Amino acid sequence: MALRQIRIQGDAVLEKTCREVKEMTPRIRELIDDMLDTMYDANGVGLAGPQVGVLKRICVIDIGDGPIVLVNPVIVSSDGEQTGDEGCLSLPGKAGQVTRPNHVIVRALNADMEEIEVEGETLLARALCHEIDHLDGHMYTEKVEGSLHDVTYEED
Ligand code: ZN
């Protein structure tokens, strides 16, 4: 298990647009494994390349149903609307209200560069939109309605 340093908002890498992954390499596989380890270690539900300082179109998500690895993800369909609290590992201890589609369909490649389609509702739809935004240099704070508030974590 290898943890990578999570970049915090204000780091310029979080504002850059990522490049597509053209081929899978041992190095990128290692990156994906490290991103999953880093996400779980931080108790997050998603992590995108720029958050570990890598400008590649890769993100990982786990909302509790098992890991999803997305390479070059694209939202191909979205509908509905949900408004709720959103947070980010790049802005620890904060959250804010963001409106997102309630349902999205994403096409991507998996870690074996096979085409996959992921359909998400509610939290998964939110996570997919949030992580894909990171790949284009966007933070959820650009979309927050009202102001950010502090998050208090309950002890396990
Ligand atoms: Zn985030």
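See the structure shown above.
Conventions used here
Every chain is numbered independently, its residues counted from 1 as its sequence is written. Side-chain atom pairs in this predicted model are given and counted only at pLDDT of 80 or more, local residue features only at pLDDT of at least 70, and totals for whole chains, interfaces and linings cover all residues. Side-chain measures were taken over the full set of non-hydrogen atoms in the model, leaving aside hydrogen atoms and water. Working definition of a nonpolar core: buried Ala, Val, Leu, Ile, Met, Phe, Trp, Tyr and Cys residues. They are joined through side-chain atoms within 4.5 Å. Each residue is placed in one exposure class: buried if its accessible area under a 1.4 Å probe, protein chains only, is under 20% of its type's maximum, exposed if it is over 50%, and partly exposed if it falls in between. Strands here mean DSSP runs of E at least two residues long; helices mean DSSP runs of H or I at least four residues long; both are numbered from the N terminus. Any two residues whose heavy atoms approach within 4.5 Å are treated as being in contact. The term salt bridge refers to a pairing of a side-chain nitrogen on Lys or Arg with a carboxyl oxygen on Asp or Glu at a separation within 4 Å.

Digging into the nonpolar core
- The biggest cluster of nonpolar side chains holds 26 residues, and the ones touching the most others in it are Ile61, Leu70 and Leu128.
- Mapped onto this core, the elements with two or more residues apiece are strand 2 (58–61), strand 3 (68–79), strand 6 (103–109) and helix 2 (122–135).
- Ranked by residues supplied to this core, first place goes to helix 2 with seven residues.
- Apart from residues lying up to four places away in sequence, isoleucine 61 is in contact with Met39, Val45, Gly46, Gly66, Pro67, Ile68, Leu70, Leu124, Ala127, Leu128 and Glu131.
- Listed in part, the 19 residues of the second largest apolar core include Leu36, Met39, Ile58 and Leu89.

Examining the pattern of salt bridges
- According to the stated counting rule, one finds ten salt bridges in the structure shown.
- The closest approach of N and O atoms between lysine 94 and aspartate 150, which form a salt bridge, is 2.6 Å. Of this pair, lysine 94 sits in strand 5 (residues 94–100) while aspartate 150 sits in strand 8 (residues 145–150); the two residues are 56 residues apart in sequence, bridging distant segments of the chain.
- Relative accessible area serves as the criterion here: at 31%, lysine 94 is assigned to the partly exposed category.
- Note that lysine 143 and aspartate 133 form a salt bridge whose closest N and O atoms lie 2.6 Å from each other. Separated by ten residues along the polypeptide, lysine 143 in the loop between helix 2 and strand 8 and aspartate 133 in helix 2 bring together distant segments of the chain.
- When its relative accessible area of 37% is taken as the criterion, lysine 143 is described as partly exposed.
- Each of Glu86, Arg100, Arg126, Asp133 and Lys143 takes part in a single network of salt bridges with overlapping partners.

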